[in-house]
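For reference, the chains in residue letters:
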Amino acid sequence: MRLSIFVGCFAVVAVAVHFGLFPSGVGGSNFIWVILLALILSAPLSYVLLRKQRDEMSAQIVSRVDRTKARLDANRTREDHVTQ
């Protein structure tokens, strides 16, 4: 998703630079300038548009970490209980 947002911004910025809506780069740096403008525009868009997916992924990761911690604690207590 993030890549498609960047590609969309790149296309919009390239068209805008071509028609003079955004300033063009100096000399031969036009392509790099368009990439930088697309990155600057796509970053906040991705932050807002992909918030739901980011929150869902974070919840999945937290649950996996909690399960792993619980398993490690269970293994630790089982080992401690055997030696006592």
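For the structure, see preceding data.
Here's what I pulled together on the structure shown here. (Residues numbered from 1 in each chain as written. Predicted model: local features only at pLDDT ≥ 70, side-chain atom pairs only at ≥ 80, totals over all residues. Heavy atoms only, no water.)

Considerations on the nonpolar core
Most often, soluble globular proteins have nonpolar side chains that are buried together. Residues Ile-5, Phe-6, Cys-9, Ala-38 and Leu-50 constitute the largest nonpolar core, which totals 5 residues. Here the element with the most residues in this core is helix α1 (residues 2-18); it accounts for 3 residues. Not counting the four nearest positions on each side in its chain, Ala-38 is found in contact with Phe-6, Cys-9, Phe-10 and Val-13. (Core = buried A, V, L, I, M, F, W, Y, C linked by side-chain atoms within 4.5 Å. Buried < 20%, exposed > 50% of the residue type's maximum accessible area, 1.4 Å probe, protein only. Helix = DSSP H or I, 4+ residues; strand = E, 2+ residues; numbered from the N terminus. Contact = heavy atoms within 4.5 Å.)

Observations regarding helix α2 (residues 30-49)
The end-to-end C-alpha distance of α2 is 28 Å, a good match for the 28 Å that 20 residues give at a rise of 1.5 Å each. Roughly 25° is the biggest bend found in α2, and it falls at Ser-42, with proline Pro-44 one to four residues downstream. Among the residues of α2, Val-34, Leu-37, Ala-38, Ser-42 and Ser-46 are the ones counted as buried. (Expected span 1.5 Å × (residues − 1). Bend = angle between axes of the 7 residues up to and from the residue.)

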